[in-house]
Amino acid sequence: MPGRVDGKVAFITGAARGQGRSHALTLAREGADIIAIDVCKQLENAAFPMSTPEDLAETVRLVEKTGRRIYAVEGDVRDFDVLQATVDEGVARFGRLDIVCANAGLGSNGAKLHRMSEQTWRQMIDVNLTGVFLTTRVATPHIIAGGRGGSIILTSSVGGLRALPNVGHYTAAKHGVVGIMRTLAMELGKYSIRVNSLHPTQVNTPMAINDGTFRLFRPDLENPTVEDFAPISQSMHILPTPWVEPEDISNAVLFLASDDSRFITGVTLPVDAGTLLK
């Protein structure tokens, strides 16, 4: 039985682990070949251990286990030339490009905006906003050239739809992703290319579930744990869960990538357990 994205090709950033790996596996199981990129090294100011080459190799192994093809590169979404070369080579190997998941993102140490360093601000904007722009910039011409339409899915956050204290750089970047999404949706509609954004709450990945997050939300404790963070995270939600799983976001990616959403574009889709109702 054909999958929901059978025969299509997806370009996924931040694919070494977490949401990106989950997206790659979900789309591969549904019939897509994968072009993947991840920085695979520790970036300055990151509040958690970042992905490694071994993580990306594991994504490759798991995708190939599904029977689909994958072309994977270690690269930074801030590097236009690397992104361009990755997509060009992936399209040369697989013959087309249909889906883009601009998933790569950075979480860094929080501070009030009037106390935040310029370096911390610039790095966040460069990765979480400019990286999304560059990803769409290199990928869009290939989708247009294919003449079959396509789907571009940008990962924002609940922080792209509401203010979050102490992470103003993250909030600004994720709001900016919505601006990119809406502009691209208007510009690319004539090519039957749909563009939407996803807005997850806390997701059970190293980017969210780490000591830096625990300290940010429980500054009253010297060494807060995940158990200390869980009730605070739960209090942000309407549904009874402290966080969602990567697969919950991937299910939304699959919906937006498939023909099930063929007339949906320009939409900000929360996967937030009701956070935005509070």
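Residues numbered from 1 in each chain as written. Predicted model: local features only at pLDDT ≥ 70, side-chain atom pairs only at ≥ 80, totals over all residues. Heavy atoms only, no water.

By the naming in an unreviewed UniProt entry, the chain goes by Mycofactocin-coupled SDR family oxidoreductase and is assigned to Frankia nepalensis.

Q: Which residues make up the sheet that holds strand E7 (residues 268-271), and what are the values?
A: The strand order E3-E2-E1-E4-E5-E6-E7 describes an open sheet built from 7 strands, whose pairing is parallel. A strand with exactly one partner marks an edge of an open sheet, and here the two such strands are strand E3 (70-74) and E7. Each adjacent strand pair in this sheet contributes to an overall mean axis angle of 15°, direction not counted. Across 4 bridges, strand E6 (residues 193-200) lies against E7 in parallel orientation. Each residue of the ladder has a partner; that of Leu198, found in E7, is Leu269. Lying on the sheet, helix H3 (residues 80-94) is in contact with strand E1 (9-13), strand E2 (33-38) and E3; it crosses E2 at an angle near 165°. (Pairing = 2+ DSSP bridges. Helix = DSSP H or I, 4+ residues; strand = E, 2+ residues; numbered from the N terminus. Axes fitted to C-alpha atoms, helices over the stretch in contact; angles between N-to-C directions. Contact = heavy atoms within 4.5 Å.)

Q: Tell me about the pattern of salt bridges, and please be specific about residues and values.
A: Overall, the coordinates contain 11 salt bridges when judged by the stated rule. The shortest N-O distance in the salt bridge between Arg68 and Asp33 comes to 3.2 Å. Within this pair, whereas Arg68 is found in the loop between helix H2 (53-65) and E3, its partner Asp33 is found in strand E2, the two being separated by 35 residues in sequence. We classify Arg68 as partly exposed; its relative accessible area is 24%. What makes Asp33 buried here is its relative accessible area of 3%. With a shortest N-O distance of 3.8 Å, Arg148 and Asp98 are connected by a salt bridge. Linking Arg148 in the loop between helix H4 (118-146) and strand E5 (150-155) with Asp98 in the loop between H3 and strand E4 (99-102), this pair joins segments that are 50 residues apart in sequence. (Salt bridge = Lys/Arg side-chain N within 4 Å of Asp/Glu carboxyl O. Buried < 20%, exposed > 50% of the residue type's maximum accessible area, 1.4 Å probe, protein only.)

Q: Which residues make up a nonpolar patch on the surface, and what values do they have?
A: On the surface, Ile238, Leu239 and Leu277 cluster together into a nonpolar patch covering about 340 Å² of accessible area. Relative to the elements of secondary structure, Leu239 occurs in the loop between helix H7 (226-235) and helix H8 (246-257). (Patch = residues over 30% accessible without salt bridge, like charges linked within 9 Å, V, L, I, M, F, W, Y side chains within 5 Å. Areas by Shrake-Rupley, 256 points an atom, 1.4 Å probe, with all protein chains shown as cover.)

Q: Outline the packing of aromatic side chains, listing residues and values.
A: Taken as a whole and assessed by the stated rule, the structure comprises 3 aromatic pairs. With centroids separated by 5.7 Å and ring planes inclined at 35°, the aromatic side chains of Phe214 and Phe229 adopt a geometry described as tilted. Of the two residues, Phe214 sits in helix H6 (residues 211-217) while Phe229 sits in helix H7, which places them 15 residues apart along the sequence. The same class applies to Phe214 and to Phe229, which are both buried. The interplanar angle of 50° and the centroid separation of 5.4 Å between the aromatic rings of Phe217 and Phe229 together place this pair among those described as tilted. On the criterion of sequence distance, the pair formed by Phe217 in helix H6 and Phe229 in helix H7 is long-range, its members being 12 residues apart. Given a relative accessible area of 31%, Phe217 falls into the partly exposed group. Three or more aromatic residues joined by ring pairs form one cluster here, namely Phe214, Phe217, Phe229 and Trp243. (Phe/Tyr/Trp six-rings, centres within 6.5 Å; stacked < 30°, edge-to-face > 60°.)

Q: Could you give an account of unusual backbone geometry, with specific residues and numbers?
A: Despite not being glycine, Ser192 has its phi angle at roughly 60°, a positive value. The residue Ser192 is located in the loop between helix H5 (168-188) and E6 in this model. Phi at Ala273 is positive, roughly 55°, even though this residue is not glycine. Relative to the helices and strands, Ala273 is located in the segment after E7.

Q: How would you sum up the packing of H4 against H5? Please name residues and give values.
A: Each pair of packed helices can be summarised by the angle the axes make with each other and by the distance between the axes. Orientation of H4 relative to H5, taken along the N-to-C sense of each, is 20°, at an axis distance of 8 Å. Judged by the inter-axis angle, H4 sits roughly parallel to H5. Between H4 and H5 lies a crossing whose hand is right-handed. Taking contact as the criterion, the partners of Thr120, Trp121, Met124, Ile125, Asn128, Leu129, Val132, Phe133, Thr136, Thr140 and Ile144 in H4 are, on H5, Gly168, His169, Tyr170, Ala172, Ala173, Lys174, Gly176, Val177, Ile180, Leu184 and Leu188. Grouping the amino acids of the contact of H4 with H5 by side-chain chemistry returns 14 nonpolar, 7 polar and 1 charged. (Parallel < 35°, antiparallel > 145°, perpendicular 65-115°, else oblique. Left-handed = near helix turned anticlockwise from the far one by under 90°. Nonpolar A, V, L, I, M, F, W, Y, C, P; charged D, E, K, R; others polar.)

Q: Go over the environment of Pro2 with me, naming the residues and quoting the values.
A: Its location among the elements puts Pro2 in the segment before E1. Along the chain, Pro2 and Gly90 lie 88 residues apart, while their C-alpha atoms are 23 Å from each other.

Q: Please provide a residue-by-residue account of H7, values included.
A: The complete set of buried residues in H7 reads Phe229, Ala230 and Ser233. Looking down the long axis of H7, one finds its buried residues gathered within 115° of arc, a one-sided arrangement. Next to the buried residues of H7 lie H6. (Arc of directions from axis to C-beta.)

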